[in-house]
Amino acid sequence: METNQKEELRIGVYVCHCGLNIAGSVDCVAVAEYANTLQDVVVSVDNKYTCSDPGQEQIKQDIKEHKLNRIVVASCTPRLHEPTFRNTCAEAGLNPYLFEMANIRDHCSWVHLHDKKNATEKAKDLVKMAVARARLLQPQIEAEVPVTKRALIIGGGVAGIQSALDLADQNYQVYLVEKEPSIGGKMAQIDKTFPTMDCSICILAPKMSEAGRHPNITILTNSLVQDVTGYVGNFNVKVLKKARYVNEKECTACGDCTEVCPVVRPNEFDVGLAIRKAIYTPFAQAVPSAYIINMDDCLGDVPIACNKCVEKCEKQAINFDMQDEILELEVGTIIVATGIDVYDPTEYTEYGYRRFENVITSLEFERLINAGGPSGGHLIRPSDKEIPKKVAFVQCVGSRCTTRGNPYCSNVCCMNTIKDSLLIKEHWPNTDIEIFYLDIRAYGKGFEDLYQRSRDEGVKYFRGLPAEIIENPMNNNLVVVAENTNTGEIMEHEFDLVVLSVGIQPTKDSDVIQRLLTLSRTKDGFFMESHPKLKPVDAPTQGVFFAGCAEGPKDIKDSVTQASAAASRAGILMNAGKIRVEAITSKIDPDLCNSCGRCAKVCPYHAIQVDVKNKVPAETIEAACAGCGTCGAECPKGAITMQHFTDEQIYAQIDALTQENAHEKIVAFCCNWCSYAGADFAGVSRIQYPPNVRIIRTMCSGRVSEDFVLRAFKRGVAAVLVAGCHLNDCHYIDANYQTKKRVERLWKKLDKIGINKERLQLAWVSAAEGEKFAETIRKMKGIIDKVTQAEIEKTVEVLER
Amino acid sequence: MSKAEFKYENQGNGELQDLIKQAFTCLACGKCSGGCPMVYLFPEQYNPHKVLDKLVENPEEALASKEIWFCASCYKCHNKCPQGIELPEVFLKLRRIALKQNGMGNLRVLIDDLHGRIPFYKLFFRVCYHPEKIHLGKVELDSLFEKSASEYKLEQIPSTREKIAIIGSGPAGLFAACELRRKGYQVTVFESRQKAGGMFQLTIPEFRLESEIVDQNIDLVKSLGIEIKTNVRIGKDILFNTLFEDGFQSVFIASGAHRCLHLNIEGENLPQVMTSLEFLEASKSGILKAVKNKFVVIGGGNTAMEIATSALRYGAKEVCVLYRRSKDEIPADINELREVEEHGVKIHYQVSPLRFIGDEKLRGIECIKMELGHPDLSGRRRPVPIKASNFIINADMAVVAIGEKPDLGYLPDEVKLNKNGTISINPLSMETSMKGVFAGGDVIWGSASVAEAIMAAGRAVDGMDQYLIEKRKA
Ligand SMILES: Cc1cc2nc3c(=O)[nH]c(=O)nc-3n(C[C@H](O)[C@H](O)[C@H](O)COP(=O)(O)OP(=O)(O)OC[C@H]3O[C@@H](n4cnc5c(N)ncnc54)[C@H](O)[C@@H]3O)c2cc1C
Ligand code: SF4
Ligand code: SF4
Ligand code: SF4
Ligand code: SF4
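Residues numbered from 1 in each chain as written. Chains lettered and ligands numbered in written order. Predicted model: local features only at pLDDT ≥ 70, side-chain atom pairs only at ≥ 80, totals over all residues. Heavy atoms only, no water.

Examining the overall build of chain A
Regarding its fold elements, chain A presents 23 helices and 38 strands. At 31 Å, chain A has a C-alpha radius of gyration in line with the 28 Å of a compact globule built from 801 residues. Based on the C-alpha atoms only, the size of chain A along its principal axes is roughly 90 × 70 × 55 Å. In chain A, which comprises 801 residues, the share counted as buried stands at 60%. Within chain A, contacts between residues separated by at least 24 positions form 73% of all contacts whose residues are at least 6 apart in sequence. A total accessible area of about 32,400 Å² is found for chain A, and carbon and sulfur atoms account for 49% of it. Taken as two groups, the 93 positive and 105 negative side-chain charges of chain A have centres that lie 5 Å from each other. (Helix = DSSP H or I, 4+ residues; strand = E, 2+ residues; numbered from the N terminus. Rg over C-alpha atoms; globule rule 2.2 N^0.38 Å. Buried < 20%, exposed > 50% of the residue type's maximum accessible area, 1.4 Å probe, protein only. Contact = heavy atoms within 4.5 Å. Areas by Shrake-Rupley, 256 points an atom, 1.4 Å probe, with all protein chains shown as cover. Lys, Arg positive; Asp, Glu negative; His and termini not counted. Charge placed at Lys NZ, Arg CZ, Asp CG, Glu CD.)

Take a look at the structure:
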């Protein structure tokens, strides 16, 4: 506060229309006029696009002309444009930390589309809060940390391989971690690829072996990432490398061992359509080109049990004593390329997959038609090994369905079926092929051509999904019952083979990766990008990037494109060699600190040193502090200042919003990573909710101290929401467990002093849960409607005592 | 927002608006129409998703149309819809609104259509259309049926074509008989029981269908010139193979699924422990004395639910259902489930009985809790007992309703069966592995619905007709 008196405050406010995105439901002119009436505001204007060059120019000019020393932009979310405007300020010679944003688009105009009056009032409040905070902002200097010039890539599908090659060619060391015995992913299993009909393995294998040979790439197959700590530029990763029992370097892939191995198992690579031994290689082109023993299948290494392979291997590459290893890696960036699994259609009981032998999935089809597959490329039907004369394809199995499988379009199955129809026609031109579809999605370059070719070849397309598939037990043929929705006629056609065009979904251990890297996933289960359009390959966690299907269903071309993009994004970070970290760490005043040690206890990063016994005051290790603010919320002495998120700044926001009609308002403390982003997502999705809420952003919900909540109630608000990431998804390891404890403490306290504890709500909202955020606010609107004026007055009275 | 939605939002007709909203989500994929028995019976007139289309386009017109009256609530389409639209429920709600707005006019038209297609349309309507759910009492029903102007028309009045034998006089047998007769065949139906009607006669509770009406309808069928021989059991009174010697050129097997599955546990032979059909028959024939206080049903299908509601009607104070898997796997239709729960029946999920306790009289059931393991071939997760989780529930009457299977000992080996004991058929012609022998209804599916049985019978009739036409040519 002292600084305020020393320096004359001169604030500029810029209210952005964002075209009609804001101006459509907020009266921006009125908001700008209102801002002009606020204390210390010198300039207040509205403009069409503040982020455009002229918009930014105006800010720069005003800073110079009007000697502005604080800037407030009321526009979109700071998660999108804070860096832009900070830069603008810096270019005009103003410390970027003297900039503040009011989110009147994602949190206001977009979510109150049809209520211009209340949206405008809310926007004024948000600007008032921003100005109040801006008045207390202080210049900060950002620290620089070094970036380790090594990268980790999780997942060795075509996307992971491409990223690895791109980075390795730029001279970065790359660790490529793959859980299967070979890299290659789904593409290795596919026969030909649309739209060009190249042979899949023929174009992939050279890339695989290049990755295998590259001096800068270390391939770790049969391996899993177990733990990730650290932060952008400085990640510490633990990888579990499971024992292979065959020395990768010695094995020449001669295959002598396989010949003598007595154990026969279905080969996972051929989706169980072919067999393998206990010692095996999944497919001929595998990289690393070394055999592997599946110990669950192996009979044992003692000569009486088996030991046949050991005896046979001339290179003595087999070693039963091999142990699982834990490797510790230090990397600067991480690329997630964990890809997809295919959907298992057993639950579509009306299609009889697994009950009827001749109903197969599209992935099984790929193996059957592949020259390297179990039938040597002869498309045969499972029941009698005959070449089918009539084949049906059923689209959208497990996709675009709200009750089973997944609600989204899997993107590749239409084109895949078109490709498959042509493959059949190429080998057996007289085959009758019928395709039952809902819509044909042939949106990419060259796709429509392929679709036309398939039609030209006489493949029949019927719009209508089969209601059921019934087997004729006499000959194992299948009757497909479907409406041709173009004519309304019900068709009952008989086929020799039916291929279910199954959808694709995120790999099943995506949740593990999500937790290790504190990522979010959208409601369809794929990883959520930092911004769907402008930062499509960046994860919200700095230093982490996405490649391939891990981020969403896509074809090979898009996977490869994204993989190169991710590699270049990671390369930019590593090339700079250092990165600035936001100046938002904690500072402890040794004079106020009484060495109680509570801060050190709650710090998830062990970033505070304190000697409780000898009363040595606490001190923050700046390099280790991540700025969550949990310590600040715990310190009973107020000795901890969270830079750029100070108590005073937050109180100023609370006070500003409660100046008028506090009894109608909800204060929501939202953490930057999940719940604030979730509220943004509600905006992006235009999910409507009541306009009573005012959001205050903190980095972590752990920052929200008891006093913030009580201050809000003391100022007469109807309700308070504390919102954070889901437990175990916290971006600061586990700081939100402190949030939970604190809110539970507060509930008890409120109960004790006779305040309805329903008025304080706690919610876990992920960045993808826009609807959940909106629903929470709707629910709370119900609560505040029941809170009476008398009740609020009583609360104020009790708390003031 | 479309015009329709907007209009109804403003009118405050919440229920209709909700239905319109559901209709908006329909993708017109056709998964509902494909297997629908009513589409099969009325291909020119009915298509469920087109009704939804109409509802989106013009709700008033849809409400005033007869299309909303076709659905026979078989629930075959329901869990297939990718948008989770519960069509029979949508139609039920639309009908309630339409009745209020437009009266019974369209219902009459439907009855006429049904009459023209199914001679025993009254039975069909009473069983499938749940008149009680649209608040139609006896008086309204009588007036509806009385006024029906239609007639089931025979194409060829004298029976000049081949002789055909039908085994079983349930919905499938009766419908096949009529359709064959319509085409001019000489039809004889063999029924092992005293009365014809199959499931209509035996198992549909008296309060939903009085036996008097069943008898009337059977007479109607007979009046078409169809011979129904009751008290004749094929395999005992007449051997299956002698049917051909007696001059029947083709046989339709529609003997249903009447063999109740047993739990095979201790105490199952106590007099107060019945099978589903024993209970339904006993209650139907009035032998059943007031049902006791604590009544337990074991099983999760529609039959189990029906028994649970009947038990309440017959005086049980407390009724509960034991089902060994979870709510996600339960085979009962969602509407049946909702209904029993509304009536206060408690469903215990993931519980399986171990033995019935009692010396001469049932006192209780020892049960064990189950957890769900890996999915089996049906895609449902297999239940496995949880160790030492045994407990006892009191019961003074119990019904085991865990499924019914066809009893097919009377068939020759040429008629091949599926692994689950049903008859193998060619799904297009409904012909079995024995030439000239066809099958339909519960014998091919295990227990399903009346509407589906009729559809199967219709298909079989086409199959038999085709078979005999070719035979004539040869
Ligand atoms: C039947 C079918 C046919 C297709 N046909 C075509 C086509 O003709 N043309 C076309 O362009 N596209 C086609 N596609 C799509 C194509 O397969 C994908 O676009 C492509 O495989 C995506 O590559 P990816 O690297 O992102 O994922 P993936 O190929 O799935 O690779 C991911 C890799 O990561 C590994 N992994 C997963 N989790 C972990 C973990 N936690 N730790 C370590 N490793 C992990 C997996 O084992 C796998 O090797 C088809 C897809 C299917 C299912
Ligand atoms: S790509 Fe085609 S088949 Fe696959 S989900 Fe989308 S529409 Fe359905
Ligand atoms: S608790 Fe959070 S803010 Fe405080 S020192 Fe630890 S990391 Fe930094
Ligand atoms: S199944 Fe559902 S989505 Fe498909 S046409 Fe029928 S009602 Fe519409
Ligand atoms: S419930 Fe049965 S009758 Fe009704 S629409 Fe669905 S399939 Fe047809």
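Points about the overall build of chain B
Looking only at helices and strands, chain B features 19 helices and 16 strands. Nonlocal contacts in chain B, meaning residues at least 24 apart in sequence, comprise 69% of its contacts between residues at least 6 apart. Element-wise, carbon and sulfur atoms account for 49% of the exposed surface of chain B, whose accessible area totals about 20,400 Å².

Topic: the sheet that holds strand β26 (residues 489–495) of chain A
Residue and element names in this part refer to chain A. Overall, antiparallel pairing links the three strands, which are arranged β24-β25-β26 in an open sheet. The open sheet has two edge strands, β24 (466–472) and β26, and neither has a second partner. Each strand axis lies, on average, 20° off the axis of its neighbour in the sheet, ignoring direction. Both β24 and strand β25 (residues 477–484) contribute to a ladder of six bridges, which runs antiparallel. Pairing of proline 466 across the sheet is with alanine 482, part of β25. (Pairing = 2+ DSSP bridges. Axes fitted to C-alpha atoms, helices over the stretch in contact; angles between N-to-C directions.)

Focus on helix α13 (residues 211–223) of chain B
Residue and element names in this part refer to chain B. Between its terminal C-alpha atoms α13 stretches 18 Å, which fits the 18 Å expected from 13 residues at 1.5 Å a residue. Looking only at α13, the buried set comprises Ser211, Ile213, Val214, Asn217, Ile218 and Val221. What you see down the axis of α13 is that its buried residues fit within an arc of 155°, all on one side. Of the exposed residues in α13, those oriented more than 90 degrees away from the buried face are Glu212 and Ser223. Of the residues one or two after α13, glycine 225 is the one with positive phi, at around 100°. (Expected span 1.5 Å × (residues − 1). Arc of directions from axis to C-beta.)

Regarding the state of the cysteines
Residues and elements named next belong to chain A. As enumerated under the stated definition, the model contains one disulfide over all chains in all. Here cysteine 199 is linked by a disulfide to cysteine 202, with a sulfur-sulfur distance of 2.1 Å. Between cysteine 199 and cysteine 202, the S-S dihedral sits near 75°, and the bridge is therefore right-handed. (Disulfide = S-S within 2.5 Å.)

Comments concerning the sheet that holds strand β14 (residues 397–400) of chain B
Residue and element names in this part refer to chain B. The strand order β6-β14-β7-β8-β9 describes an open sheet built from five strands, whose pairing is parallel. One side of each edge strand has no neighbouring strand; the edge strands of this open sheet are β6 (273–275) and β9 (346–348). On average, each strand axis in the sheet is tilted by 20° relative to the strand beside it, whichever way the strands run. Across three bridges, the pairing between β6 and β14 is parallel. By the bridge assignment for β14, methionine 274 is matched with valine 399. Sheet contacts for helix α15 (residues 276–284): β6, β7 (294–298) and β14; angle to β6, the most-contacted strand, approximately 95°.

Some remarks on the site of ligand 5
Close to ligand 5 lie Cys36, Met38, Tyr46, Cys71, Ala72, Ser73, Cys74, Tyr75, Lys76, Cys77 and Pro88 of chain B, which account for all nearby residues. Of the residues contributing to the shell around ligand 5, the split by class is nine nonpolar, one polar and one charged. (Near = heavy atom within 4 Å. Nonpolar A, V, L, I, M, F, W, Y, C, P; charged D, E, K, R; others polar.)

What about empty space enclosed by the protein?
A probe as big as a water molecule, rolled over the atoms, marks out the empty space that is left. All names here are of chain A. Inspection of every chain in the model, using the stated rule, returns 10 cavities of 30 Å³ or more. Empty space within the largest cavity amounts to approximately 260 Å³. Every residue lining the largest cavity is counted, 20 residues in all, and those nearest its centre are Glu100, Met101, Gln653, Tyr676 and Ile695. Of all the secondary-structure elements, those providing two or more residues to the lining of the largest cavity are α4 (78–91), β4 (99–103), α6 (116–134) and β36 (693–698). Residue composition of the lining of the largest cavity, by class: 11 nonpolar, three polar and six charged. (1 Å grid on protein atoms, 1.4 Å probe; cavity = no way out; pocket = protein on both sides within 12 Å on 5 of 7 lines; lining within 4 Å. Points joined across faces, edges and corners; volume = space filled by probe spheres on them.)

Considering the packing of helix α18 (residues 647–657) of chain A against helix α20 (residues 706–714) of chain A
Residue and element names in this part refer to chain A. One way to put it is that α18 packs onto α20 with a least axis distance of 10 Å and a crossing angle of 20°. As far as their axial angle goes, α20 and α18 are roughly parallel. As for how α18 packs across α20, the hand of that crossing is right-handed. Where α18 abuts α20, its residues Asp647, Ile650, Tyr651, Ile654 and Asp655 lie against Asp707, Phe708, Arg711 and Ala712. Looking at the contact of α18 with α20 residue by residue, the classes come out as five nonpolar, no polar and four charged. (Parallel < 35°, antiparallel > 145°, perpendicular 65-115°, else oblique. Left-handed = near helix turned anticlockwise from the far one by under 90°.)

Some points on the environment of valine 502 of chain A
Residues and elements named next belong to chain A. Among the secondary structure elements, valine 502 is positioned in strand β27 (residues 497–502). When its relative accessible area of 4% is taken as the criterion, valine 502 is described as buried. Along the chain, valine 502 and tyrosine 343 lie 159 residues apart, while their C-alpha atoms are 5.7 Å from each other. Apart from the residues lying within four places of it in its own chain, the contact partners of valine 502 are Val342, Tyr343, Pro345, Thr361, Ser362, Val397 and Cys413.

Regarding the interface of chain A and chain B
The interface of chain A with chain B comprises 31 residues on the first partner and 33 residues on the second. The largest per-residue losses of area from chain A upon contact with chain B belong to Met474, Glu483 and Glu492 of chain A, which jointly make up 19% of the total buried on that side. Between the two partners, chain A and chain B, sit three salt bridges. Residue lysine 31 of chain B is joined to glutamate 350 of chain A by a salt bridge in which the shortest nitrogen-to-oxygen separation is 2.7 Å. Our count for the chain A to chain B interface comes out at 14 residue pairs in polar contact (both at pLDDT 80 or more). If you list the elements that add at least two residues to the side of chain A that touches chain B, you get β24, β25 and β26 of chain A. The biggest single contributor to the side of chain A that touches chain B is β24 of chain A, with six residues. The class makeup of the residues in the side of chain A that touches chain B is 13 nonpolar, eight polar and 10 charged. (Buried area = accessible area lost by both parts, 1.4 Å probe. Salt bridge = Lys/Arg side-chain N within 4 Å of Asp/Glu carboxyl O. Polar contact = N/O pair within 3.5 Å; in protein donor to acceptor, adjacent residues only side chain to side chain.)

Remarks on unusual backbone geometry
Residues and elements named next belong to chain A. Cis geometry is found at the peptide bond from phenylalanine 194 to proline 195, where omega equals -5°. The topology assignment puts proline 195 in the loop between β8 (192–193) and β9 (198–199). The residue after valine 287, namely proline 288, is reached through a cis peptide bond having omega 0°. Here proline 288 is to be found in the loop between β15 (279–280) and β16 (292–293). In this model, cysteine 396 sits at a positive phi of 55°, which is unusual for a non-glycine residue. Assignment of secondary structure puts cysteine 396 in strand β21 (residues 390–397). A positive phi angle, close to 70°, is found at histidine 644, a residue other than glycine.

Focus: the side chain of serine 454 of chain A
Residues and elements named next belong to chain A. For serine 454, the location among the structural elements is in helix α13 (residues 447–456). In this structure serine 454 comes out as buried when scored by relative accessible area, which is 0%. The contacts of serine 454, once residues within four sequence positions are left out, are Ile418, Ser421, Leu422, Val459 and Tyr461.

Details of the nonpolar core
By size, the foremost hydrophobic cluster in this structure holds 114 residues, and its most contacted members are Phe124, Phe240 and Ile253 of chain B. If you tally residues by element for this core, the top one is helix α19 (residues 450–473) of chain B, at 11 residues. Isoleucine 253 of chain B has contacts with Ile167, Phe240, Tyr410, Leu411, Val415, Ile423, Val437, Phe438, Ala439, Gly440 and Val443 of chain B, leaving out every residue within four places of it along the chain. In this structure, Leu38, Ala92, Val667 and Leu746 of chain A belong to the second largest nonpolar core, which totals 73 residues. (Core = buried A, V, L, I, M, F, W, Y, C linked by side-chain atoms within 4.5 Å.)

Observations concerning the confidence of the model for chain B
Residue and element names in this part refer to chain B. Looking at chain B, pLDDT values average 89 and 95% of them are 70 or higher. Under a pLDDT of 50 for its full length, residues 1–12 has, in the predicted model, 16 contacts with residues more than four places off or in other chains. For this predicted complex, the interface confidence comes out at an ipTM of 0.87, alongside a pTM of 0.84. (pLDDT = per-residue confidence, 0-100.)

Section: the packing of helix α7 (residues 158–169) of chain A against helix α15 (residues 556–576) of chain A
All names here are of chain A. Two elements in contact, α7 and α15, have axes whose closest approach is 8 Å; the angle formed by their N-to-C orientations is 35°. Where α7 crosses over α15, the handedness of that crossing is right-handed. Residue-level contacts link Val158, Ala159, Gln162, Ser163, Asp166 and Leu167 of α7 to Ile556, Ser559, Val560, Ala563, Ser564, Ala566, Ala567, Ala570, Gly571 and Met574 of α15. For the contact of α7 with α15, the class distribution of residues is 10 nonpolar, five polar and one charged.

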